[in-house]
Structures are given as C-alpha cells and as structure tokens.
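Notes for the structure review
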Amino acid sequence: MTKRHVSLPPLAEEGLRAFIDEVDERLSGDEDTCDVVTDVLVDLHGDRDAYERWQDGADISPAERVRLQGYDPCNTTLESEYYAEKDEERFKRSKHLQWLWRQFDATPMADNVEFALRFRRMLANHLFDSCGEGCRFFKGITFTYGHNIEVGDNVVVHDDVHLDDRGKLTIGDRVSISDDTHVYSHDHDAVDQTHVDNYHTIIEDDVRLTYDSMVRAGVKVGENAILAAKSIAGKDIPAHHIAAGTPAKSLTVKDGWESVAEPIEGANVDRRAERQLFVDLPDNLEQFDEFQRDLSPPDRQ
C-alpha cells in the first residue's frame, strides 16, 4: 500500500520548525549539553513556572524536587553507565542526548508523528556516530549508548525497537526495522553471565527486519534480505535471502534475485568471531558483580 504525503497547518509547521531549529542550534554550539537538555525538557513538560520558583529558592516538596531535578541528565543514571568498557568521553555527551530522546518520548508531543519524527531525526544527527538523510524514528526506540551506531539514508525504525550498540552497530541505506525488533551487538557467556563479548553487527542496505525479530551480536544480515517475524538470526543471512525460524535459516531467495544470490544450501554461516571487538580494561578497575554467584561447575571441582 502506498503512503500519502501529510503536512501540518502553516502555523503549526512554523512553530515546529522554529523549536527544532533552536534546539539543533544550541546542541551544535558551545553551550553545556546538560543545560540545553534541562531547558528543553522543562518546557516540553510544562514545568517552567515550578522550575523557576525552585531556582529562586521557594519551598517545594521532596517529590517536586525529584521531578525538577530529573530534567537535568547530570542528575540521572542509565543502565549503560555501569558498563566498564564504555568510552567515558563519548558517553558524557551521548548520555545527555539519550536522556533527551527518552524523556521527549514521555511527552504528549511524542505522539504527534510529523513533529516527533523530525525532532528525533535532529537528535540522531547529534547522538549517533553518523546518520543519513530522510530517516524516520518512531516512538519507544532505545539504545545502549547511541554513539556506536551508524545509520544510512532513508532508514525507518518503528515503535519499541532496541538498537544495542554496546559493541558497534552499522545500519545501511533504506533499511526497515519493524516494531519490537531487537538488534544486539553484545553477548553474555553461558556460564558467567557477567562476562560480556562485544561485536560489530551489520545490517546491510535494503534489509527488512520484520515484527518482533532479533539479530544476535556479530551477525551480518546481507543486502536486500528479509528476517521473518519472530525469527532469531544467530548466523549470517546472505544477500537477497528470506530467513525465518529460531534459529533463522534461509528458506528461499527473493523472486527475481536468484542469479545474484548465494545458493540456499549451506547459506547461513557463523562469522561472528570475525566481528568480535576487543577492549582493554584498566588494571585498577573495581569490578561490581551484581549476582555474587559461585561459578565453579561441579564437574570441574
């Protein structure tokens, strides 16, 4: 089904453009990112009067203080903040931008599709390692950091998608990622779940990842391939193949692409080891083990 062009009324378009341009300009300048994010969220949530009263020293309740402090990303923590191997310098900024993205999605304006798509596209240019033209990011998308993501032109990412960039994630041109899809770039050890390996996950041009599918860390989904709904890709999917199942296997080649596609037989090869990323952690790192488990197998004692 083809789509139609939708536009906002002139006055709404004028206001939208002025707001997005202002935020874009402030994020591009020398202003502290925390200050920019705080200002934007205070206004988007309609809390300017209460915020100014608090700044002027007025008495407020503990609940109000927590709410008002929470607009400032410097007063928040994200799960990825605990990851020992993160790039500290890049995370200082990407954390603030990710907070703005997430908290924007908590406002009523996040459901105004034309406004929200353009606002997130502007943010993506600041948050991601690179982002192409004409991309459309819908509601509820989450990331690990954001700064390890490369996105091509005319990419569409639908609602409630998780783009894990604990390792590195590359998404090509004209990729479509359907609702509830998860794309990973890190994996946990089967015995010691605190041990994490990071990978470079690659989604090539014109790929379709359909509803509630999952791409495991280090997998490459080849050009013009389709991963069927609720399927899990644990090995590479060659270009122009349609793969389905858990684990996903190539079932057929797209009609008309047979002459340039690999044969179905033996198509899905595990090349994840070639895309593993290695990091050096400091020797003086104070590690935190949240599970405190005895990981000694009884057969090896």
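Residues numbered from 1 in each chain as written. Predicted model: local features only at pLDDT ≥ 70, side-chain atom pairs only at ≥ 80, totals over all residues. Heavy atoms only, no water.

The name an unreviewed UniProt entry assigns to the protein is Acetyltransferase-like protein, from the organism Haloarcula amylolytica JCM 13557. Of the protein, the UniProt comment under Sequence similarities (unreviewed entry) reads exactly: "Belongs to the transferase hexapeptide repeat family." (UniProt positions renumbered as here; feature names shortened; annotations may be inferred.)

1. What about the overall build of the protein?
The helix and strand tally for the protein stands at six helices and 19 strands. Its C-alpha atoms give the protein principal-axis dimensions of about 70 × 60 × 30 Å. Within the protein, the proportion of its 301 residues that are buried is 43%. In the protein, once contacts between residues fewer than 6 apart in sequence are set aside, the share between residues at least 24 apart is 38%. (Helix = DSSP H or I, 4+ residues; strand = E, 2+ residues; numbered from the N terminus. Buried < 20%, exposed > 50% of the residue type's maximum accessible area, 1.4 Å probe, protein only. Contact = heavy atoms within 4.5 Å.)

2. Section: the sheet that holds strand β12 (residues 208–209)
If you trace the seven strands from one edge of the open sheet to the other, you get β2-β5-β8-β12-β15-β17-β18, paired in mixed fashion. Two strands bound the open sheet, and with one partner strand each, they are β2 (136–137) and β18 (249–253). (Pairing = 2+ DSSP bridges.)

3. Looking at unusual backbone geometry
Where the residue is not glycine, phi is negative for most of them; where a peptide bond is considered, it is trans in most cases. Residue P247 is bonded to the preceding T246 through a cis peptide linkage, with omega at 0 degrees. Positionally, P247 belongs in the loop between β17 (241–244) and β18. One non-glycine residue, D180, lies in the positive phi region at around 65 degrees. With respect to the secondary-structure elements, D180 resides in the loop between β8 (176–177) and β9 (182–183).

4. Overview of the packing of helix α1 (residues 10–28) against helix α6 (residues 113–127)
For the pair α1 and α6, the least separation of the axes is 10 Å and the interaxial angle reads 15 degrees. If you check the angle between α1 and α6, you find them roughly parallel. The interaxial crossing formed by α1 with α6 has right-handed handedness. Each of E13, L16, R17, F19, I20, V23, D24, L27 and S28 in α1 lies in contact with α6, whose residues at this interface are E114, F115, R118, F119, M122, L123 and H126. The residue makeup of the contact of α1 with α6, split by class, is nine nonpolar, two polar and five charged. (Axes fitted to C-alpha atoms, helices over the stretch in contact; angles between N-to-C directions. Parallel < 35°, antiparallel > 145°, perpendicular 65-115°, else oblique. Left-handed = near helix turned anticlockwise from the far one by under 90°. Nonpolar A, V, L, I, M, F, W, Y, C, P; charged D, E, K, R; others polar.)

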